[in-house]
Amino acid sequence: MLLPVTYAALVFGMRFGLLALLIAIGIIMPNLFLSQSGPTQDDIIEIIGIVIIGLVVNLWLESYETDKRHRQVAYLRLENAQRELQRMQQNLRFYLKQITIAQEEERRRIAQELHDETAQDLIALSRKVDGFMTLHPALPSTDESYLEDMHQHINRTLSGVRRFSQDLRPSVLDDLGLIPALDWLIPELSKHYKIKIELKINGEAKRFPPEAELVLFRIVQESLRNVGKHAMATEVLVTVDFEPETTVFTVRDNGRGFHPPDRIGDLAVSGKLGLTGMQERAQLIGAKLSIKSVSGEGTTVKVELPNPSEHTEHPY
Ligand SMILES: Nc1ncnc2c1ncn2[C@@H]1O[C@H](COP(=O)(O)OP(=O)(O)OP(=O)(O)O)[C@@H](O)[C@H]1O
Ligand SMILES: [Mg+2]
């Protein structure tokens with residue numbers, strides 16, 4: 001009797017389970033009452049047992065089904081929330097990519113303007129002062145030293161403008177590529193931070209798309225600036241390993257080290273944008289960035305990216 005009741009409750013729900021129970025009792029009852037001896041005590045206990053077990057089975061299956069429905073609804077909600085989060089992350093990544101591109105474009109424009117306009121004007125001014133001094137060789141010594149001082153001041157400003165322009169966007173990177181740009185950057189920063197920085201290239205050098213070379217340059221530049229600002233290091237080794245499948249850039253210092261947070265992006269909240277920017281830029285070109293630091297021993301920043309293939313379109 002209980003089998004069809006359980007089956008009906010399981011397949012069609014509690015209402016049909018109860019209906020099946022009623023039908024089952026309806027079938028048993030006439031047999032009991034029509035028999036000559038009438039229902040015995042055992043028969044009554046049996047029927048009560050069937051009714052109770054039938055009800056319990058129905059209620060249990062119903063609560064199980066309700067639970068399952070709730071779980072399904074919760075799962076669907078979670079799936080929707082995950083999809084929404086993924087969409088937001090994609091939008092954010094796209095936004096960051098656009099900002100990075102716009103920032104680089106703006107830097108390039110300002111650097112070019114400084115080089116083509118401001119530096120040229122300063123050169124012209126310097127020549128004018130120079131020419132005036134040549135045309136007037138017999139100036140009083142005070143005027144002469146005043147003009148000489150002015151001439152030197154203009155030349156110093158010119159070097160400053162050139163340095164600033166190179167810092168914004170080194171023309172050597174666009175003209176000659178990443179390795180010559182690193183060759184230019186390393187002595188500059190070594191002089192600025194008074195640290196010994198060595199560049200070592202292993203394997204046969206390869207070229208990457210210009211956007212990727214710019215990203216790699218910025219990562220090495222920020223890593224070295226971090227060493228200069230925070231590491232208290234005396235030596236830094238920059239290595240570029242051109243391997244058959246991948247290329248690995250490593251910046252290793254012998255400074256005091258630090259504890260990088262589990263999620264680098266968390267640093268951005270406290271206004272520290274260098275490492276976050278490095279990670280975002282690395283992702284834009286499909287590279288893997290890792291930072292290992294040991295207190296008292298130093299820090300190693302590593303960027304690994306697959307070598308460009310002629311057939312793959314660059315993501316950035
Ligand atoms: N090579 C390093 N040696 C020691 N500490 C480092 C090194 N690189 C980074 N850090 C630590 O990690 C922190 C985060 O670096 P990050 O470049 O993100 O920010 P920042 O250099 O402080 O500021 P920003 O780069 O925005 O000017 C630094 O404040 C510093 O404490
Ligand atoms: Mg920094």
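Each value, and the rule that gives it
- Residues numbered from 1 in each chain as written.
- Chains lettered and ligands numbered in written order.
- Predicted model: local features only at pLDDT ≥ 70, side-chain atom pairs only at ≥ 80, totals over all residues.
- Heavy atoms only, no water.
- pLDDT = per-residue confidence, 0-100.
- Contact = heavy atoms within 4.5 Å.
- Core = buried A, V, L, I, M, F, W, Y, C linked by side-chain atoms within 4.5 Å.
- Buried < 20%, exposed > 50% of the residue type's maximum accessible area, 1.4 Å probe, protein only.
- Helix = DSSP H or I, 4+ residues; strand = E, 2+ residues; numbered from the N terminus.
- Near = heavy atom within 4 Å.
- Polar contact = N/O pair within 3.5 Å; in protein donor to acceptor, adjacent residues only side chain to side chain.
- Areas by Shrake-Rupley, 256 points an atom, 1.4 Å probe, with all protein chains shown as cover.
- Nonpolar A, V, L, I, M, F, W, Y, C, P; charged D, E, K, R; others polar.

**Thoughts on the confidence of the model for the protein**
And then number 1: Across the protein, the average pLDDT comes to 90, with 98% of residues at or above 70.
And then number 2: Across residues 311–316, confidence stays below pLDDT 50; counting only partners more than four residues off in sequence or on other chains, it has 14 contacts.

**What about the nonpolar core?**
Taken as a class, soluble globular proteins show a tendency for nonpolar side chains to be buried jointly.
And then number 1: Ranked by internal contacts, the top residues of the largest apolar core, which has 41 residues, are Leu 182, Ile 197, Leu 216, Leu 224, Phe 249 and Leu 289.
And then number 2: Residue contributions to this core peak at 10 residues, all from helix 7 (residues 210–231).
And then number 3: Those residues in contact with Leu 289 that sit more than four places away from it in its chain are Ile 219, Met 278, Gln 279, Ala 282, Val 301, Lys 302 and Val 303.

**Some details on the site of ligand 1**
And then number 1: Around ligand 1 there are 16 residues in total, and Glu 222, Asn 226, His 230, Leu 273 and Leu 275 lie nearest to it.
And then number 2: Here an oxygen atom of ligand 1 and a backbone polar atom of Leu 273 are 2.9 Å apart.
And then number 3: Note that an oxygen atom of ligand 1 is positioned 2.8 Å from one of the backbone N or O atoms of Leu 275.
And then number 4: Surface burial for ligand 1 is 82%, taken as the share of its 610 Å² of free accessible area covered by protein chains.
And then number 5: Among the elements that make up the shell around ligand 1, the one with the highest residue count is helix 7 (six residues).
And then number 6: For the shell around ligand 1, the class distribution of residues is six nonpolar, six polar and four charged.

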